[in-house]
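Residues per chain are reported as follows:
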Amino acid sequence: RTFGGGTKLIVDLGVVRPTLTVLPPSKEEEKQNSATVVCLASGGFPSNWKLGWKVGGTSTSSGVSHSLEVLGTDGHYGWSSTLSLSADQWRKAGSVTCEASLSGQCPVTQTLNPDRCS
């Protein structure tokens, strides 16, 4: 928060684990033979949590793009990451996991199982 004289108060929140939401591709997109999976992370602190992806249990960096962090009004951060796959890769993945990691912390993970999203 910024007060009258431009003094900025930084509240030390320690480490707050973000909440992850993984959104599957739409059926319409799959018909175009592509599959974009989105991972939304919200309410995390500090801002240097990193989002990563695992496809079928294996870390992947291809087809991945990350957003910059957004600072919420509550002083917590949100981020997003997208993973672009072919529809075939998505269907055969078995599982797609978004993982938020921060040095010294247990990672936060959220997994989608494509065969259960039919």
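Residues numbered from 1 in each chain as written. Predicted model: local features only at pLDDT ≥ 70, side-chain atom pairs only at ≥ 80, totals over all residues. Heavy atoms only, no water.

An unreviewed UniProt entry annotates the chain as Ig-like domain-containing protein originating from Amphilophus citrinellus.

A. Molecular detail of the sheet that holds strand β4 (residues 58-60). Spatial ordering of the open sheet is given by β4-β3-β8-β9, a layout of 4 strands whose pairing is antiparallel. The outermost strands of the open sheet, each flanked by one partner alone, are β4 and β9 (108-112). Neighbouring strand axes in the sheet, compared pairwise and without regard to direction, differ in orientation by 30° on average. With 5 bridges joining them, strand β8 (residues 96-101) and β9 adopt antiparallel strand pairing. Within β9, the position partnered with E99 by the bridge is T109. (Pairing = 2+ DSSP bridges. Helix = DSSP H or I, 4+ residues; strand = E, 2+ residues; numbered from the N terminus. Axes fitted to C-alpha atoms, helices over the stretch in contact; angles between N-to-C directions.)

B. The arrangement of the pairing of strand β1 (residues 19-23) in detail. Side chains L20 and V22 project from β1 onto a buried face, and the interleaved T19, T21 and L23 project onto a face without burial. Taken together, the 5 bridges between β1 and strand β2 (residues 34-44) define a ladder with antiparallel strand orientation. Of the residues in β2, the one forming a bridge with T19 is S42. (Buried < 20%, exposed > 50% of the residue type's maximum accessible area, 1.4 Å probe, protein only.)

C. How the structure looks around the state of the cysteines. Applying the stated rule across the entire model yields 1 disulfide. Note that C39 is cross-linked by a disulfide to C98, the S-S spacing being 2.0 Å. Handedness here is read from the sign of the S-S torsion; for C39 and C98, about -80°, the answer is left-handed. Of this pair, C39 sits in strand β2 while C98 is found in strand β8, placing the two residues 59 residues apart along the sequence. Comparing C39 with C98 shows no difference in burial state: the two are buried. (Disulfide = S-S within 2.5 Å.)

D. Representation of the pattern of salt bridges within the structure. Evaluated as defined, the whole model comprises 4 salt bridges. Here R91 ties to E30 by a salt bridge, and the two come within 3.5 Å at their closest N and O atoms. Of this pair, R91 sits in helix α2 (residues 87-92) while E30 sits in helix α1 (residues 27-31), and the two are 61 residues apart along the sequence. Where K92 meets D88, a salt bridge forms, and the shortest distance between an N and an O atom there is 3.2 Å. Note that K92 and D88 are positioned in helix α2 at a spacing of 4 residues, about one turn of the helix. A single network of salt bridges, built from pairs that share partners, joins K27, E30 and R91. (Salt bridge = Lys/Arg side-chain N within 4 Å of Asp/Glu carboxyl O.)

E. Fine view of the environment of L85. Residue position: L85 is located in strand β7 (residues 77-86). Apart from residues lying up to four places away in sequence, L85 is in contact with S34, A35, V55, W90 and V96. (Contact = heavy atoms within 4.5 Å.)

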